[in-house]
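The lines below spell out each chain.
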Amino acid sequence: MKNRTINQYSTIHALMSGVFDGAFAISEISHGGSFGIGCSHALAGEMIALDDIYYEIQGAGHVRQFTDQEQIPFAQLTHFNPDDQFPVSDISKADLYSQLSAQGNIDNIFAAIRIEGYFEHVWFRRTNYQQKPYRPFVEAITEQSEETLYDISGVMVGFWTPEIFQGISVAGIHIHFIDDSRKHGGHVFGFKLKNGLLSYELKQDIKIHLPNKDEYINADLKIDNLDDIIRKTEG
């Protein structure tokens, strides 16, 4: 039987509020899946989980593997066993919804997504290490590192989230990229895929694991215009 659950550690709402301290060890979240995305302690970089390896793509661009003992503040993970996969060509991030919805109605259900192939370009960002006291996410990313790579092969991993879950997760398409050499990547703002393969798995459940650290327990999670902030910062 397929595992149709996404395991999410903390919430996007908490991350937007500045809850950046690591609260979940890699050894703990690995039970929730080895396919997904997240970020590093103190926003030191982006996380992508792929093929049972958890990569940190640091703000300066260096890519390394997390150790089991390291802790992160946010992640979305699952066990990925595609329902289907099909070739795609000349598509952008804006085309992914139509590509997926052509397979069936996804408006009220989650989907795990993997896209691999040759990209004309990929535009992405990497967050940079933050010092305490932490600022809200929208202020912290004024120091983010942005980059566009051209003519590159790699893989994107992420999720489609229904609009009604905005704030818990990132509504819409939320994907991270890593190239085939495992030397470049980050949180994807946009791309143009020349040709490749799109794989997806529908997910009917999401399980939220909340931090038990004081930083989260005592955080003020009231944010005005949360929806606008998420759309601005997550692309």
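Procedures and definitions
- Residues numbered from 1 in each chain as written.
- Predicted model: local features only at pLDDT ≥ 70, side-chain atom pairs only at ≥ 80, totals over all residues.
- Heavy atoms only, no water.
- Helix = DSSP H or I, 4+ residues; strand = E, 2+ residues; numbered from the N terminus.
- Buried < 20%, exposed > 50% of the residue type's maximum accessible area, 1.4 Å probe, protein only.
- Areas by Shrake-Rupley, 256 points an atom, 1.4 Å probe, with all protein chains shown as cover.
- Lys, Arg positive; Asp, Glu negative; His and termini not counted.
- Charge placed at Lys NZ, Arg CZ, Asp CG, Glu CD.
- Pairing = 2+ DSSP bridges.
- Axes fitted to C-alpha atoms, helices over the stretch in contact; angles between N-to-C directions.
- Salt bridge = Lys/Arg side-chain N within 4 Å of Asp/Glu carboxyl O.
- Contact = heavy atoms within 4.5 Å.
- Phe/Tyr/Trp six-rings, centres within 6.5 Å; stacked < 30°, edge-to-face > 60°.
- Polar contact = N/O pair within 3.5 Å; in protein donor to acceptor, adjacent residues only side chain to side chain.

Some remarks on the overall build of the protein chain
Argument step 1. Looking only at helices and strands, the protein chain features six helices and 14 strands.
Argument step 2. Across the 235 residues in the protein chain, those meeting the buried criterion constitute 54%.
Argument step 3. Accessible surface for the protein chain amounts to roughly 10,200 Å². Of this, 47% is attributable to carbon and sulfur atoms.
Argument step 4. Across the protein chain, the mean location of the 19 positive side-chain charges is 1 Å away from that of the 32 negative side-chain charges.

Brief notes about unusual backbone geometry
With glycine set apart, most residues show a phi of negative sign, and most peptide bonds adopt trans.
Argument step 1. A cis amide bond links Lys 132 to the next residue, Pro 133, at an omega of -5 degrees.
Argument step 2. One can find Pro 133 in the loop between strand E10 (110-126) and helix H4 (137-140).

Regarding the sheet that holds strand E14 (residues 205-209)
Argument step 1. Spatial strand order, E6-E5-E4-E3-E8-E1-E14: seven strands in an open sheet with mixed pairing. Strand pairing shows two members of the sheet lacking a second neighbour, strand E6 (63-65) and E14, which therefore form its edges. With direction set aside, neighbouring strand axes in the sheet form an average angle of 15 degrees.
Argument step 2. Pairing geometry for strand E3 (residues 35-39) and strand E4 (residues 45-50), over four bridges, is antiparallel. What sits directly across from Cys 39, in E4, is Glu 46.

Some thoughts on the pattern of salt bridges
Between side chains of opposite charge, a pair can form when the charged atoms approach closely.
Argument step 1. Taken as a whole, this structure holds 17 salt bridges when the rule is applied.
Argument step 2. Among the ionic contacts, a cluster of salt bridges with common partners joins Lys 2, Arg 4, Asp 83, Glu 201 and Lys 203.

Some remarks on the environment of Tyr 216
Argument step 1. Note on placement: Tyr 216 falls in helix H5 (residues 214-217).
Argument step 2. Tyr 216 has contacts with Ala 14, Val 19, Leu 210, Pro 211 and Leu 221, leaving out every residue within four places of it along the chain.

What about the packing of aromatic side chains?
Argument step 1. According to the stated counting rule, one finds twelve aromatic pairs in the structure shown.
Argument step 2. Ring geometry for Trp 123 and Phe 189: centres 4.9 Å apart, planes at 50 degrees, overall tilted. Placement of Trp 123 in strand E10 and of Phe 189 in strand E13 (residues 185-203) is noted, with a sequence separation of 66 residues between them.
Argument step 3. The class of Trp 123 is partly exposed, set by a relative accessible area of 39%.
Argument step 4. Residue classification places Phe 189 among the buried positions, given a relative accessible area of 14%.
Argument step 5. One aromatic cluster is present, built from ring pairs that chain together Phe 119, Phe 124, Phe 177 and Phe 191.

Remarks on the side chain of Gln 130
Argument step 1. Relative to the helices and strands, Gln 130 resides in the loop between E10 and H4.
Argument step 2. There is a polar contact of 3.4 Å between the side chain of Gln 130 and the side chain of Glu 143.
Argument step 3. Discounting residues that sit within four places of it in the chain, Gln 130 has contacts with Phe 20, Ala 42, Leu 43, Arg 135, Ala 140 and Glu 143.

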